[in-house]
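Residue strings, one per chain:
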Amino acid sequence: QVQLVESGGGLVQAGGSLRLSCAASGSIFYINVMGWYRQAPGKQRELVASITSGGSTNYADSVKGRFTISRDNAKNTVYLQMNSLKPEDTAVYYCNAGVQVRVTQPLYPYWGQGTQVTVSS
């Protein structure tokens, strides 16, 4: 069983910063891509940023230059540093990871429970 546990959400004023963390635990052989998604009320879940095991990153246009994704492979942890936050960044942020539990098993996507980020104007 694999679990993703997020932390670091909260309430912040516009222009402020938050850092999200997501730690994967359990039976893990390999983690491929790790990423952060968000879902605002009444909207579809969208990709915010992702990072491969080799460190290649991808960002949504709306967060480029403001958010930075990073990971610690030894700790199976991914981070999202969010700067210059805007009210439109308000959403529930979800961690996602493509996990291989055994060398004979395929990659499978796992999700965290979500953490609320609220940016006040």
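Anything mentioned here points back to the structure above.
Criteria and cut-off values
- Residues numbered from 1 in each chain as written.
- Predicted model: local features only at pLDDT ≥ 70, side-chain atom pairs only at ≥ 80, totals over all residues.
- Heavy atoms only, no water.
- Disulfide = S-S within 2.5 Å.
- Helix = DSSP H or I, 4+ residues; strand = E, 2+ residues; numbered from the N terminus.
- Buried < 20%, exposed > 50% of the residue type's maximum accessible area, 1.4 Å probe, protein only.
- Contact = heavy atoms within 4.5 Å.

A. Molecular detail of the state of the cysteines. Within the structure shown, the criterion is met by 1 disulfide. Cys22 shares a disulfide with Cys95; S-S distance 2.1 Å. Measuring the twist about the S-S bond at about -80°, one finds the Cys22-Cys95 disulfide to be left-handed. Pair noted here: Cys22 is in strand S3 (residues 18-26) and Cys95 is in strand S9 (residues 91-100), with a separation of 73 residues, a long-range link. For the pair shown, Cys22 and Cys95 are each scored as buried.

B. Structural context of the side chain of Ser50. Within the secondary structure, Ser50 is located in strand S5 (residues 46-51). A residue is classified by how much of its surface remains accessible, and Ser50, at 13% relative accessible area, is buried. Apart from residues no more than four positions distant in its own chain, Ser50 is found in contact with Val33, Met34, Gly35, Ser56, Thr57, Asn58 and Ile69.

Nothing here speaks to function; it is all geometry.
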